[in-house]
Amino acid sequence: MTPTLSFYGATRTVTGSKHLLSVGKAEVLIDCGLFQGPRAWRDKNWEPFPFDPTKLDAVVLTHAHADHLGMIPKLVKDGYKGPVYATPATIGLAKIALPDSGRLQEEEARYHNRHGLRSGAQPIYDERDAFESLKRFKPVRFHERHELPGGANWVYKPAGHILGSAFAEIGLPNGELLMMSGDLGRFNTPIIKDPEIVDYCDYLVIESTYGDRLHSKENPLEKLEECLQWAWQNGGTILIPSFAIGRTQELLYYFRELQNAGRMPRIPIYVDSPMATSVTQVYAQARDEHDDEMKIAISEGESSLEPMGLNYIRDREQSKALNKQTGPQVIISGSGMANGGRIKHHLKARLGNERTLVLFTGFQAEGTLGRDLIGGNPTVSIYGEDVPVAAKIEKMNALSAHADQGEMLHWLSFFKTAPKKTFIVHGEPAAQQVLAEKIRQELGWHTEIPEFGDRYELGN
Ligand SMILES: [Zn+2]
């Protein structure tokens, strides 16, 4: 029987990765992510899966972002009883991220019911479902080949995207290779290893988040230094909305670098996020995944993720107390697009003050508070209140966990022969088109952009 690959997410959109491999008599799901984008996609999170969870034989995860594993608790709730394979660091992060996601779903459902926004709103899953699903996780280390049902096997290779992120290279029974590359990271980013060079596969599935764009070449250290100098001179507070996984740790690393180079004034740094605090511990402990610089620093007794003056805030009351504290200081808090989490309280308290600098460090999607602020709105709405903006709004353009177009083509350039088929997923339609065209022009490869529910035979 010819193996087939079906696409049930990240199809002409960025979130909801779910790819179903049918091989022999077995069904293997690669990633099981939440849809997080436009409403029409998000509604799918509540619908039954487009496949039968009780008939799945294995799940292989590429990394711990919600759009790749956020539906695992629902999969288990709906009857999946098999193993969920992931790298040890991905499991470490899932233990933090999934229960947190369950709590958020519960809160959201309560909010909708209370405000009559959706009658009888139910969480997609709750915190208990999340803890229950964690029992199914089985660690698989990088570079160790393991059997899959149906006569297939697979090996994880570092993807350089976030801690624990992996390509899953799947060996099919006929010896052909299917490369599920998950999210592709960047070369020369701090803390974690670079993406592994791959030079062969028969079928490739590749993301395209930045398929039509190049990242800024701005030096993140210089931008941070400028903001810190401003805070020092003006007694100002720097608010940094930040993702808990990856971005917060990168920022801590850069603060430490600035301090080591004598380029940072003595300013306290507050990480006001229980999740980011736990994630930073996982990052610091995952020695196997650290790049050379990080390993050397640790061997010299240095804690690269602990700049001097760092304080972790877990407690809600302590977080509130920060609102009254005057600068100079740095407060890093979630969420990264300022559409939820503790950062909203800090913004509400400080946006009206001209001694506040808000530093955005990542992409701000349409419809988020972050996008409104970057767009220069003189007044924004937070918790139903109009808040005037007197604060300085700055943006760091260089930080991203995803390869840009040039970096993707660079990674693909190591292939010795063209894959038979290259599937482009995980991108907005425009980005996918541009990347597909580039791959055709520069490499002469055959590309496909699957639609939701499309199934392809992996044969001749
Ligand atoms: Zn990701």
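Thresholds applied
Residues numbered from 1 in each chain as written. Predicted model: local features only at pLDDT ≥ 70, side-chain atom pairs only at ≥ 80, totals over all residues. Heavy atoms only, no water. Donors = N, O, S within 2.8 Å, 3.2 Å for Na, K, Ca; no water. Tetrahedral: all angles 85-135°; square planar, octahedral: opposite > 155°, others 65-115°. Helix = DSSP H or I, 4+ residues; strand = E, 2+ residues; numbered from the N terminus. Salt bridge = Lys/Arg side-chain N within 4 Å of Asp/Glu carboxyl O. Buried < 20%, exposed > 50% of the residue type's maximum accessible area, 1.4 Å probe, protein only. Axes fitted to C-alpha atoms, helices over the stretch in contact; angles between N-to-C directions. Parallel < 35°, antiparallel > 145°, perpendicular 65-115°, else oblique. Contact = heavy atoms within 4.5 Å. Nonpolar A, V, L, I, M, F, W, Y, C, P; charged D, E, K, R; others polar. Pairing = 2+ DSSP bridges. Polar contact = N/O pair within 3.5 Å; in protein donor to acceptor, adjacent residues only side chain to side chain. Domains from an automatic or database assignment. Buried area = accessible area lost by both parts, 1.4 Å probe. Expected span 1.5 Å × (residues − 1).

Student: Help me understand the coordination of the zinc ion in this model?
Tutor: The expected angle between donors at a tetrahedral four-coordinate metal is 109.5 degrees. At an octahedral six-coordinate metal it is 90 or 180 degrees. For the zinc ion, the protein coordination sphere consists of His63 (NE2), His65 (ND1), His161 (NE2) and Asp183 (OD), at 2.2 to 2.3 Å. Geometry at the zinc ion is irregular, judged from the four donor atoms that bind it and their angles of 90 to 165 degrees at the metal. Expressed as a motif, the donor residue spacing for the zinc ion is H-x1-H-x95-H-x21-D. Of this pair, His65 sits in the loop between β4 (58-60) and α2 (66-69) while His161 sits in the loop between β8 (153-158) and β9 (166-171), and the two are 96 residues apart along the sequence.

Student: Explanation requested: the pattern of salt bridges in the structure shown.
Tutor: Pairs may arise between side chains of opposite charge once their charged atoms sit close together. The full count for this structure, using the stated rule, is 25 salt bridges. In this structure, the salt-bridge partner of Lys157 is Glu169, at a minimum N-O distance of 2.8 Å. With Lys157 in strand β8 and Glu169 in strand β9, this residue pair connects regions lying 12 residues apart in the sequence. Among the residues examined, Lys157 registers a relative accessible area of 15% and is labelled buried. We note a salt bridge from Glu317 to Lys320, for which the minimum N-O separation is 3.8 Å.

Student: Sorry if this is basic, but what is going on with the packing of helix α6 (residues 220-234) against helix α7 (residues 247-260) here?
Tutor: Each pair of packed helices can be described by the angle between their axes along with the distance between the axes. At a minimum axis separation of 10 Å, α6 and α7 run at an interaxial angle of 75 degrees. With respect to α7, the axis of α6 lies roughly perpendicular. Note on element contacts: α7 touches α6 through Leu251, Tyr254, Phe255, Glu257 and Leu258, opposite Pro220, Leu221, Leu224, Glu225 and Leu228. For the contact of α6 with α7, a count of residues per class yields eight nonpolar, no polar and two charged.

Student: Could you clarify how one ought to interpret the side chain of Lys74 in this entry?
Tutor: Assignment of secondary structure puts Lys74 in helix α3 (residues 72-77). Ignoring sequence-local partners within four residues, the contact set of Lys74 consists of Asn45, Trp46, Glu47, Pro48, Phe49, Ile124 and Tyr125.

Student: What should I look at first to understand the sheet that holds strand β22 (residues 455-457) in this one?
Tutor: Note on sheets: strands pair through backbone hydrogen bonds, and any given pair is parallel or antiparallel. Read across the open sheet, the seven strands follow the order β6-β5-β4-β3-β2-β1-β22; overall the sheet is mixed. At either end of the open sheet lies a strand with only one pairing partner, and these are β6 (137-139) and β22. Across the sheet, the mean angle from the axis of one strand to that of its neighbour is 25 degrees, orientation sign disregarded. Relative to strand β3 (residues 26-30), strand β2 (residues 19-23) runs antiparallel, the two sharing five bridges. Its bridge partner lying in β3, Leu20 is registered against Leu29.

Student: Help me understand the side chain of Ser165, please; the structure alone is not making it clear to me.
Tutor: Here Ser165 shows up in the loop between β8 and β9. Using a relative accessible area of 2% as the deciding quantity, one classes Ser165 as buried. A distance of 2.8 Å separates a polar atom in the side chain of Ser165 from the backbone oxygen of Ile162. Dropping the residues within four chain positions of it, Ser165 is found in contact with Thr62, His63, Thr90, Phe142, Lys157, Pro158, Ala159 and Gly160.

Student: Sorry, what's going on with the environment of Pro328 here?
Tutor: Tracing the backbone shows Pro328 in the loop between α10 (316-322) and β15 (329-333). Judged by relative accessible area, which is 23%, Pro328 ranks as partly exposed. The spatial distance from the C-alpha of Pro328 to the C-alpha of Trp232 is 5.5 Å, given a sequence separation of 96 residues. Beyond its immediate chain neighbours, meaning those up to four positions away, Pro328 contacts Ala231, Trp232, Gly235, Gly236, Ile267 and Pro268.

Student: What should I look at first to understand the domain arrangement of the protein in this one?
Tutor: It is common to give the size of an interface as the accessible area lost on bringing the parts into contact. Assigned domains of the protein: these are domain 1 (4-213 + 401-457) and domain 2 (220-395). In this structure, domain 1 and domain 2 have C-alpha centres spaced 28 Å apart. In this assembly, 22 residues from domain 1 lie in contact with 20 residues from domain 2. Buried surface at the junction of domain 1 and domain 2, both sides included, amounts to about 1700 Å², of which 68% is carbon and sulfur. Where domain 1 meets domain 2, there are one salt bridge.

Student: Would you mind showing me how to read the pairing of β9 here?
Tutor: In the case of a regular strand, side chains alternate between the two sheet surfaces. When you tally the buried positions in β9, you get six out of six residues, the bulk of the element. Side-chain alternation along β9 places Ala166, Ala168 and Ile170 on one buried face and Phe167, Glu169 and Gly171 on a second face that is also buried. Examined bridge by bridge, β8 and β9 share six bridges and lie antiparallel to one another. The residue bridging Val155 from the neighbouring strand is Glu169, located in β9. Between β9 and the antiparallel strand that follows it, strand β10 (residues 177-180), lie five residues; Gly175 among them carries a positive phi value of about 95 degrees.

Student: How should I be thinking about helix α8 (residues 274-285) in this particular structure?
Tutor: One full turn of an α-helix is made of 3.6 residues, so residues set three or four places apart face in the same direction. Look at α8: 17 Å from first C-alpha to last across 12 residues, which is about the 16 Å you get at 1.5 Å a residue. Restricting attention to buried positions, one finds in α8 the residues Met275, Ala276, Thr277, Ser278, Val279, Thr280, Val282 and Tyr283. Of the surrounding secondary structure, the elements contacted by the buried residues of α8 are α4 (88-114), α7, β13 (269-272) and β14 (310-313).

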